[in-house]
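# A closer look at the structure
One-letter residues, chain by chain:
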Amino acid sequence: MKILNFGSFCIDHVYRVPHFVRPAETLPSLSYTVFAGGKGFNQSLAIARAGGTVAHAGSVGEGGEWLVQRLETAGVDVSRVVKSAKPTGHAVIQLNPSGENAIVLFAGANRSITREQIDLGLTDFGAGDLLLLQNEISEPAYLVQLALGKGMRVVMNPAPMDPVAQSLPLEQLSMIIVNEVEAFDLTGETSPELILDRLAQRMPQGDVVLTLGSQGAMWRSATHRLHIPAINVDVVDTTGAGDTFTGYLIASLAAGLPPDAAMGRAVVAAGLSVTQAGAADSIPDAATVDRVLAGSAV
Ligand code: ATP
Ligand code: RIB
């Protein structure tokens, strides 16, 4: 099974702030750092750091080449990344003292991806292969339909949530990975058990994964019900925790781990990621994750 992640690249401009800026307020930042990011980029890097093999398709503009090189250096196949006349996507991220973020996203090249580029990107993939996608690129509905038509398994992380992501055919997906905010938008529910019930009803053949921040993560499928608690850590920056989780989960399942072991690995990796600054920069390598896992009760 080959894995294709069709996803975004972003340059993250991160400002540490005493509190999130209020309407009409001008707020001096405590620091400013530029990081690599974008949900697609982060998830491909997480798959690679977890020891998995992934091809990444997407688009960058002028000045985004370093992001592509970063993926290539990590062992990701970047031959399906195209250059756009639009600027590289970027994010303006406020980071508060609790490690929480508030993000303004400029899609740029990420939303300049055309159906023709999607056709080309999927050329070498077919039945049994896996498409991973988030909701930061253009034409996600077309991408999903094309992949399903080829017999690919589709894993969706519908983040950030919007009406397009809400209208995707959940019942045809192999897996959905959502946090509580996305889950509420899809189901109207806030209780984890009710969220899982509603999503499982819509995806009777699929796997539903719900991340719960410091409460860990849950999995529901026809055969499994799991709740893996989070590890106890000092939080520095939660940006990219969900991406680290998703990349580790997909790589671990692709390596043949059963759901409980794959979820345990993803929860530990994501927990470690929140102890470091940056989205992509905070993704731990497999040796670190497996060492912590071996010494923990997870
Ligand atoms: P983000 O948008 O910040 O990347 P998310 O909202 O998509 O993250 P979360 O549910 O917040 O996703 O976190 C994903 C996973 O990261 C959790 O399931 C958990 O394993 C880990 N995690 C997040 N926050 C913490 C924390 N405070 N302590 C330990 N682990 C955490
Ligand atoms: O999930 C974290 C990512 O979301 C950041 O890297 C930022 O680029 C935004 O896309």
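Please read all numbers here as calculations on a predicted model, not as lab measurements. (Residues numbered from 1 in each chain as written. Chains lettered and ligands numbered in written order. Predicted model: local features only at pLDDT ≥ 70, side-chain atom pairs only at ≥ 80, totals over all residues. Heavy atoms only, no water.)

Turning to the packing of helix α9 (residues 259–273) against helix α10 (residues 286–295), a few remarks are in order. Relative to each other, α9 and α10 sit at 110°, their axes nearing to 9 Å. With respect to α10, the element α9 is oriented roughly perpendicular. Considering only the axes of α9 and α10, their crossing is right-handed. Taking contact as the criterion, the partners of G264, R265, V268, A269 and L272 in α9 are, on α10, A286, T288, V289, D290, V292 and L293. Classifying every residue of the contact of α9 with α10 by side-chain character gives 7 nonpolar, 2 polar and 2 charged. (Axes fitted to C-alpha atoms, helices over the stretch in contact; angles between N-to-C directions. Helix = DSSP H or I, 4+ residues; strand = E, 2+ residues; numbered from the N terminus. Parallel < 35°, antiparallel > 145°, perpendicular 65-115°, else oblique. Left-handed = near helix turned anticlockwise from the far one by under 90°. Contact = heavy atoms within 4.5 Å. Nonpolar A, V, L, I, M, F, W, Y, C, P; charged D, E, K, R; others polar.)

What follows deals with the side chain of T246. Tracing the backbone shows T246 in helix α8 (residues 241–254). By relative accessible area, T246 is classed as buried at 1%. (Buried < 20%, exposed > 50% of the residue type's maximum accessible area, 1.4 Å probe, protein only.)

Looking now at helix α6 (residues 180–187). E182, A183, L186 and T187 are the residues of α6 that are buried. The arc enclosing the buried residues of α6, seen along the axis, measures out at 115°, which places them on a common side. Where α6 is buried, its residues meet α5 (163–166), β10 (175–178), α7 (192–202) and β11 (207–211). N-capping of α6 is provided by N179, with a side-chain oxygen placed 3.1 Å from the backbone N of V181. (Arc of directions from axis to C-beta. Polar contact = N/O pair within 3.5 Å; in protein donor to acceptor, adjacent residues only side chain to side chain.)

Our next topic: the packing of helix α1 (residues 39–49) against α8. Relative orientation of the contacting elements α1 and α8 amounts to 45°, with a least axis distance of 7 Å. Between α1 and α8, the crossing angle belongs to the class labelled oblique. Seen from above, α1 lies across α8 with right-handed handedness. Contacts from K39, N42, Q43, A46, I47 and R49 in α1 reach D243, T244, T246, G247, Y248, I250 and A251 in α8. For the contact of α1 with α8, a count of residues per class yields 5 nonpolar, 5 polar and 3 charged.

Three or more residues of α10 are buried, namely A286, V289 and L293. Projected onto a plane normal to the axis of α10, the buried residues spread over an arc of 65° and lie on a single side. Residues of α10 that are exposed and point over 90 degrees away from its buried face: R291, A294 and G295. Buried residues along α10 sit in contact with α1, α8 and α9.

With that settled, consider the site of ligand 2. For ligand 2, the full set of nearby residues is C10, D12, G37, G38, K39, N42, A91, L105, E136, G240, D243 and A279. Note that an oxygen atom of ligand 2 is positioned 2.6 Å from one of the side-chain N or O atoms of D12. For ligand 2, an oxygen atom lies 2.6 Å from a polar atom in the side chain of E136. Burial of ligand 2 by the protein chains amounts to 95% of its free accessible area of 280 Å². Counting only elements with at least two residues in the shell around ligand 2, the list comes to β2 (10–16) and α1. Residues of the shell around ligand 2, tallied by class, amount to 4 nonpolar, 4 polar and 4 charged. (Near = heavy atom within 4 Å. Areas by Shrake-Rupley, 256 points an atom, 1.4 Å probe, with all protein chains shown as cover.)

Opposite charge on two side chains lets them pair, provided their charged atoms get close. Evaluated as defined, the whole model comprises 10 salt bridges. A salt bridge links E139 to R115; its shortest N-O distance comes to 3.1 Å. One end of the pair, E139, is in the loop between β8 (130–133) and α4 (140–149); the other, R115, is in helix α3 (residues 115–121), and 24 residues separate them in sequence. Residue R198 is joined to E189 by a salt bridge in which the shortest nitrogen-to-oxygen separation is 3.1 Å. (Salt bridge = Lys/Arg side-chain N within 4 Å of Asp/Glu carboxyl O.)

Looking now at the site of ligand 1. Neighbouring residues of ligand 1: 18 residues in total, closest N179, T211, G213, G216 and T238. The contact in question runs from an oxygen atom of ligand 1 to an N or O atom on the backbone of G242, over 3.0 Å. When ligand 1 is considered free in solution it has 630 Å² of accessible area, and contact with the protein chains removes 83% of it. Grouping the constituent residues of the shell around ligand 1 by class yields 9 nonpolar, 9 polar and no charged.

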